[in-house]
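One-letter residues, chain by chain:
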Amino acid sequence: MNHSDDVKRRDFLKGVGIAAATSGIVAAQEGERTSPPPVSKQPARLMVRTTLTLNGKKKSFDIDSRTTLIDLLRENEHMTGTKKGCDHGACGACTVLVNGRRVLSCLTLAATIDDDQVETIEGISNGESLHPLQNAFLRCDAYQCGYCTPGQIMSGIACIEEGHAAKSAEEAREWMSGNLCRCSAYPNILAAVRQTAGAEAIRDPAIQNPPMTTEMLP
Ligand code: FES
Ligand code: FES
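First, a word on what this report is: a plain description of the structure on this page. (Residues numbered from 1 in each chain as written. Chains lettered and ligands numbered in written order. Predicted model: local features only at pLDDT ≥ 70, side-chain atom pairs only at ≥ 80, totals over all residues. Heavy atoms only, no water.)

Another point: a nonpolar patch on the surface. A contiguous nonpolar patch, built from Leu 130, Leu 138 and Tyr 143 and spanning about 250 Å² of accessible area, is present on the exposed surface. Within the secondary structure, Leu 130 sits in the loop between strand 5 (117–119) and helix 3 (132–140). (Patch = residues over 30% accessible without salt bridge, like charges linked within 9 Å, V, L, I, M, F, W, Y side chains within 5 Å. Areas by Shrake-Rupley, 256 points an atom, 1.4 Å probe, with all protein chains shown as cover. Salt bridge = Lys/Arg side-chain N within 4 Å of Asp/Glu carboxyl O. Helix = DSSP H or I, 4+ residues; strand = E, 2+ residues; numbered from the N terminus.)

Below is the structure:
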């Protein structure tokens, strides 16, 4: 390799370096031009006033317009009897009554039921006396983990009021089908609802199946 070859190679490498650096700057400038504008960290909030009659007591709430009824109950009011299962309207765990009709509180914006009557599991007993359907759930052993139970009971109350529970077991099952139970306590839930509706004789599983004693053991 002679001296002139070496000079040419150095010139070439220098040229490549400048080109690479220049294209980097251009790319950076392009990036600046095409990148989206910075997003504000604070989402727009619209506060609204909602008044509800909650288990018989009228109350006003200043809430974000996006607040769901279940979040209003659980987060604002600390009424944790109403359960959040899926938060997508699929399981029924969050069922409450609005003006006597069952609704999924995870799909209901609190601001949309202004001035309405809301009844939750906390409001159905009469002081120390349980609601008849609560008693039936105990009697029929209609729960295992109990997570779905508040929603089942609120749905069951509506199902009885609507007249579906008394008509037939099939109809009661159909109208309770929006409430899922991952413990599969369905036969006992159905029995509790039907017995409370007066459609089935009251049966006490504890009487039919007395607790085991040591004499019963093989
Ligand atoms: Fe509302 Fe599941 S939590 S339907
Ligand atoms: Fe466990 Fe129904 S009792 S989910």
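A word on the packing of helix 3 against helix 7 (residues 186–196). Between helix 3 and helix 7, the least distance of the axes is 9 Å, while the angle of their chain directions is 135°. Compared by their axis directions, helix 3 and helix 7 come out oblique. Judged by the twist between their axes, the crossing of helix 3 over helix 7 is right-handed. For the pair helix 3 and helix 7, contact is made by Pro 132, Leu 133, Ala 136, Phe 137, Arg 139 and Cys 140 and by Asn 188, Ile 189, Ala 191, Ala 192, Val 193, Gln 195 and Thr 196, respectively. Across the contact of helix 3 with helix 7, the residue classes tally to 9 nonpolar, 3 polar and 1 charged. (Axes fitted to C-alpha atoms, helices over the stretch in contact; angles between N-to-C directions. Parallel < 35°, antiparallel > 145°, perpendicular 65-115°, else oblique. Left-handed = near helix turned anticlockwise from the far one by under 90°. Contact = heavy atoms within 4.5 Å. Nonpolar A, V, L, I, M, F, W, Y, C, P; charged D, E, K, R; others polar.)

A word on the nonpolar core. Leu 133, Phe 137, Ile 153, Ile 157, Ile 189 and Ala 192 are the most contacted members of the largest nonpolar core, which totals 22 residues. If you list the elements that add at least two residues to this core, you get helix 3, helix 4 (149–161) and helix 7. Among the elements that take part in this core, helix 4 stands out by supplying 5 residues, more than any other. Judged by nonpolar contacts, the second largest core, of 13 residues, contains Leu 52, Leu 54, Leu 73 and Val 98. (Core = buried A, V, L, I, M, F, W, Y, C linked by side-chain atoms within 4.5 Å. Buried < 20%, exposed > 50% of the residue type's maximum accessible area, 1.4 Å probe, protein only.)

This next bit is on the pairing of strand 1 (residues 47–54). Looking at chain direction, strand 1 and strand 2 (residues 57–64) are connected through 8 bridges and run antiparallel. Within the sheet, the bridge partner assigned to Leu 52 lies in strand 2 and is Lys 59. Counting the residues in the hairpin turn of strand 1 and strand 2 gives 2 residues, including Asn 55, whose phi is positive at 50°. As judged from the 2 bridges shared by strand 1 and strand 5, these two strands associate in the parallel manner. In the strand pairing of strand 5, Thr 53 is matched with Gln 117. (Pairing = 2+ DSSP bridges.)

This paragraph deals with helix 7. Listed as buried for helix 7 are Ile 189, Leu 190, Ala 191, Ala 192, Val 193, Arg 194 and Gln 195. Buried-residue contacts for helix 7 involve helix 3, helix 4, helix 5 (164–167) and helix 6 (169–175). A positive backbone phi angle near 80° is found at Gly 198, which sits one or two residues after helix 7.

Before going further, it helps to spend a moment on the pattern of salt bridges. Applying the stated criterion across every chain yields a total of 7 salt bridges. Salt-bridge contacts for Asp 71 lead to Lys 84; the nearest nitrogen and oxygen are separated by 2.9 Å. Here the residue Asp 71 occupies a position in helix 2 (residues 69–76), and Lys 84 occupies one in the loop between helix 2 and strand 3 (95–98), the gap between them amounting to 13 residues. Given a relative accessible area of 24%, Asp 71 falls into the partly exposed group. Of the charged contacts, one joins Arg 102 and Glu 162 as a salt bridge, the two residues approaching to 2.8 Å between their closest N and O atoms. Of the two residues, Arg 102 sits in strand 4 (residues 101–104) while Glu 162 sits in the loop between helix 4 and helix 5, which places them 60 residues apart along the sequence. Through salt bridges with shared partners, a single network forms among Asp 71, Lys 84 and Asp 87.

Honestly, that's just the spatial picture; any functional story needs more than this.
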